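# Topology and contacts: notes
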Amino acid sequence: MLMDKIELKNVGKSIYRELLDNGLEVIIIPNEKKSKKKNYYFNYGTYYGGLFNEFVPIGSNKMTKFPKGIAHFLEHKMFENEEGISPFDFFSNSGSYVNAYTSYKATCYTVTGNKKMQENLEYLLTFVNKPYFTKENILKEQGIISEELNMYNDDPDYLVYKTLNQNLFKELPYNTVIGGTISSIKEIDEDKLYTCYNTFYRPSNMFLVIGGAVDPDIIIKIVKDTFTRLNLKDTKNLKIKTKDYKESVKVVKEYEEVKTLVKTDKIALGYKMARNKFPIKSNVLLNLYLNMIVSLCFGASSFFKEMIRNRNLISRSGYYFQNLDSIIVFNIEADSFNTPVYLDELSKYLENLEVKEEDLERLKKVWISSEVIKTDYADSLVDNVVDDLINYHEVITNYVPLIKSMNITTMQEVIKSLDFSNRALVIAKKS
């Protein structure tokens, strides 16, 4: 076996990695326990999502602006076929399931099944590498996505989320939803789609992660044979240049009310902070500390969650951090019965955030156990590896040692670095 065997530290599991000559990174996570089930899970992705609307196309030297939402539109159009049955029909006929999704940073095509593994892998690689765009199918998709966007705009949760991002970000494309706008998708045509495809859907800008009842040697042979048949070549020495956005830590708009069909207030909050104010250089480790703060300070058993539940202030809430390179955002979403009191209690709580050492050590043990348990589920490992690739462009193999290294002193430094002074608040009220 020529591929690298990489140990996931302290969990008794290894993954296999090979970088093909054309630049594609292939990562394989075989089930090491024998089972009669032949389940497998493919994730074939490109580092291209809703963030990348301005870039230098391959073959050009000019920074060019493209319509917002084009990455998501391209994902939809990849399921068009010039001849033969559609990808959805192909995988359905083979008893498997195909899906796709576009995030701000990536677009992924996934297949799950338990038979015809070779045929399904060959077909996945084939249809994603054979785009087919016409004026007719683009016009049809513009109508479909326009209807979707209109439908989403009637959803109060979507409305407050979209409005909050518009009020948080001035330059970063997070201020536009991944699907774009009705006006922006009308600007999409064949040439723009092919330009985006040829720039980002190249093996050196893509990854293939496979888990389940598979043999790494067989997988690599299938992938290489398929690429040889497709005659896929790659200009892997050409780096993709995307626009570098300079985002201020100041929010665009501090407060906005929107009127819509709700029974109770819907709240969306975003606290914007500078990444360089935090003491930890590693994004992986910083994200672990930020997620630990969410779990301990806002989780189901936290003091704050119990207090607002007992006082019947909200019916539903969610709390999470986003690490966006130069900016950290703390997001809160809630359905509120008493908005003024909830916001007042939240502000007081944020001013006095505290994590106790015994709670930190307790949750570290839970997280370490979870990392070990994940190794029994190939689909979970595939999803984790894909998340690592999208967020860090590498597979993180030392989560358990990193979790073990977490300590109360560094936690207190991270908490001190949190800045809740730059806030955008959106409230959806009954119209």
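Below: a short report on this structure. (Residues numbered from 1 in each chain as written. Predicted model: local features only at pLDDT ≥ 70, side-chain atom pairs only at ≥ 80, totals over all residues. Heavy atoms only, no water.)

### Brief notes about the overall build of the chain
- The secondary structure content of the chain amounts to 15 helices and 15 strands.
- Relative to the 2.2 N^0.38 estimate, which gives 22 Å for 431 residues, the radius of gyration of the chain is 23 Å and therefore close to what a compact globule would have.
- The C-alpha extent of the chain, read off along each of the three principal axes, is 65 × 50 × 40 Å.
- In the chain, 79% of the contacts between residues at least 6 apart in sequence involve partners at least 24 apart.
- Across the chain, the mean location of the 57 positive side-chain charges is 2 Å away from that of the 57 negative side-chain charges. (Helix = DSSP H or I, 4+ residues; strand = E, 2+ residues; numbered from the N terminus. Rg over C-alpha atoms; globule rule 2.2 N^0.38 Å. Contact = heavy atoms within 4.5 Å. Lys, Arg positive; Asp, Glu negative; His and termini not counted. Charge placed at Lys NZ, Arg CZ, Asp CG, Glu CD.)

### Looking at the sheet that holds strand β5 (residues 54-56)
- In spatial order, the strands read β6-β5-β10; together these three strands make up an open sheet with antiparallel pairing. Two strands close off the open sheet at either side, each with one partner strand: β6 (64-65) and β10 (241-242).
- Bridge count between β5 and β10: two bridges; the pairing is antiparallel. Bridged to V56 within β10 is K241. (Pairing = 2+ DSSP bridges.)

### Examining the side chain of S14
- Examined against the element boundaries, S14 turns out to sit in strand β2 (residues 13-19).
- Excluding anything up to four places from it in sequence, S14 contacts K5, I6, E7, L8 and E32.

### Things to note about the sheet that holds strand β1 (residues 4-8)
- Taken in spatial order, the seven strands of this open sheet run β1-β2-β3-β9-β4-β8-β7, and their pairing is mixed. Across the chains shown, the open sheet's two edge strands, defined by having one partner strand only, are β1 and β7 (97-102). Each strand axis lies, on average, 20° off the axis of its neighbour in the sheet, ignoring direction.
- Pairing between strand β4 (residues 40-46) and strand β8 (residues 107-113): seven bridges, direction antiparallel. Bridging across to β8, F42 finds its partner in V111.
- Sheet strands in contact with helix α3 (residues 117-128) are β4, β8 and β9 (206-212), and its direction is about 15° off that of β4. (Axes fitted to C-alpha atoms, helices over the stretch in contact; angles between N-to-C directions.)

### Digging into unusual backbone geometry
- You will see that K116, though not glycine, has its phi angle at about 55°, which is positive.
- Within the secondary structure layout, K116 lies in the loop between β8 and α3.
- Residue classification places K116 among the partly exposed residues on the basis of a relative accessible area of 45%.
- The backbone phi angle of H393 is positive, close to 60°, even though this residue is not glycine. (Buried < 20%, exposed > 50% of the residue type's maximum accessible area, 1.4 Å probe, protein only.)

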